[in-house]
Amino acid sequence: MRALAAILVATLFLAGPAVAAERPFDRACMDDYGRDLCDSAMRAKIRASFGLPSVEELAAEGFEGVRVFTINGYSHDMPPVSILRRGAGPPKVEVSTGGVVRRTISTDASPWDWLLVETLSRLVTASPERQPKPAPSTNPGEISICLHAWVTITEVISNGRVVRRIRNACDGDPIFDGAFQLSTVALGAFQGCWKLDPAHYRNDSERLIGCAKLKGDNGYGAASLLNALEDSPVLQTRNAISPDRWLDADATVVWPGEALVSGRTPVAAAWTTHGGADPNVRIESVEAATFKTGTVVGVLYREMGRDQYEQASFRQDWVREEGVWRLTRWTVESFRPASP
């Protein structure tokens, strides 16, 4: 058993995060790829990717509450969630997304949401700065290995003071559990977001990415359309589009520099012809004023050769008939070079 454990540990060390040789991997501070979250410069870089101010700036402006940054098991930054208020004003729930398209959505928090904030704030303030190590195993030769752990940075503002704690999912820490719950709270605060099918997402933190794409007054209609998109080959572009299932009888596609193509079968064939090798669709926003019609805006990527890619913005118009969403028009703008 010990020999096997030694082999496992050696293998993990060789294949693990690329951390500077003079700095061993510190589970209490680092995410899976070895980013030092205890370093203020690293946290500033993460904040900048979402266009967010520091909690120190928010504290100086009179805000109080909690903000949580979540990092998944592959060091990808998930949508940060905050529940903050200033003075006697109502608390607000805020979710931000980063990347090429930044978006921040905000809504009123409920009194129950604020109770969670107060509980989490007390827990954070009373906790040690570093995550406590678990008690050693009582079984001789047994080791515990935690791979691809999710990590949270919980920032509390109270009476102008900032307290920050970094926790991971390895050891069942209550601060991590409370911070992770903030994503579920945010989903319930935004109209329609809790209607996003959880089968398409690993957890509620990932569902917030879909939540931030919903636009318009009817979040329920937009969620219904995004659920359909996640099921359809319009996103799973390695497969051909089934004309009968996903395309309206009068479907059309407008491709740059070519005549308009109409009809289910011709449109499906056009996608197969023009999509290129392993095309990819990125949805940026979904809007549905009713459960009958909807609009999708995004970017289409296609591979044109070895390390050569193109991208084009697009708009899709969808109709819902007999409970099924179908694509009725796809307008693709001019392509331009894109990074791999």
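Structure: see above.
Residues numbered from 1 in each chain as written. Predicted model: local features only at pLDDT ≥ 70, side-chain atom pairs only at ≥ 80, totals over all residues. Heavy atoms only, no water.

Engineer: Lay out the pairing of strand 11 (residues 293-305) in plain terms, naming residues and giving numbers.
Structural biologist: Side chains on a regular strand alternate between the two faces of the sheet. Sheet topology note: the strand 11/strand 12 (residues 308-321) ladder contains 12 bridges and is antiparallel. The residue bridging Val 297 from the neighbouring strand is Arg 315, located in strand 12. (Pairing = 2+ DSSP bridges. Helix = DSSP H or I, 4+ residues; strand = E, 2+ residues; numbered from the N terminus.)

Engineer: Give me the pattern of salt bridges: which residues, what numbers.
Structural biologist: Opposite charge on two side chains permits pairing when their charged atoms draw close. As enumerated under the stated definition, the model contains 13 salt bridges in all. A salt bridge links Asp 31 to Arg 35; its shortest N-O distance comes to 2.6 Å. The same class applies to Asp 31 as to Arg 35, namely buried. For the salt bridge of Asp 317 with Arg 315, the shortest nitrogen-to-oxygen distance reads 3.0 Å. Residue classification places Asp 317 among the buried positions, given a relative accessible area of 17%. Each member of the salt-bridge network shares a partner with another, and the members are Glu 56, Arg 67, Glu 155 and Arg 164. (Salt bridge = Lys/Arg side-chain N within 4 Å of Asp/Glu carboxyl O. Buried < 20%, exposed > 50% of the residue type's maximum accessible area, 1.4 Å probe, protein only.)

Engineer: Report on the packing of helix 5 (residues 174-189) against helix 6 (residues 204-211), specifying residues and quantitative values.
Structural biologist: Closest axis-to-axis distance for the helix 5/helix 6 pair is 8 Å, and the angle between their directions is 35 degrees. Here helix 5 runs over helix 6; the crossing is left-handed. The residues of helix 6 that touch helix 5, namely those facing Phe 180, Ser 183, Thr 184, Ala 186 and Leu 187, are Asp 204, Ser 205, Arg 207, Leu 208 and Cys 211. Within the contact of helix 5 with helix 6, the residues separate by chemical class into 5 nonpolar, 3 polar and 2 charged. (Axes fitted to C-alpha atoms, helices over the stretch in contact; angles between N-to-C directions. Left-handed = near helix turned anticlockwise from the far one by under 90°. Contact = heavy atoms within 4.5 Å. Nonpolar A, V, L, I, M, F, W, Y, C, P; charged D, E, K, R; others polar.)

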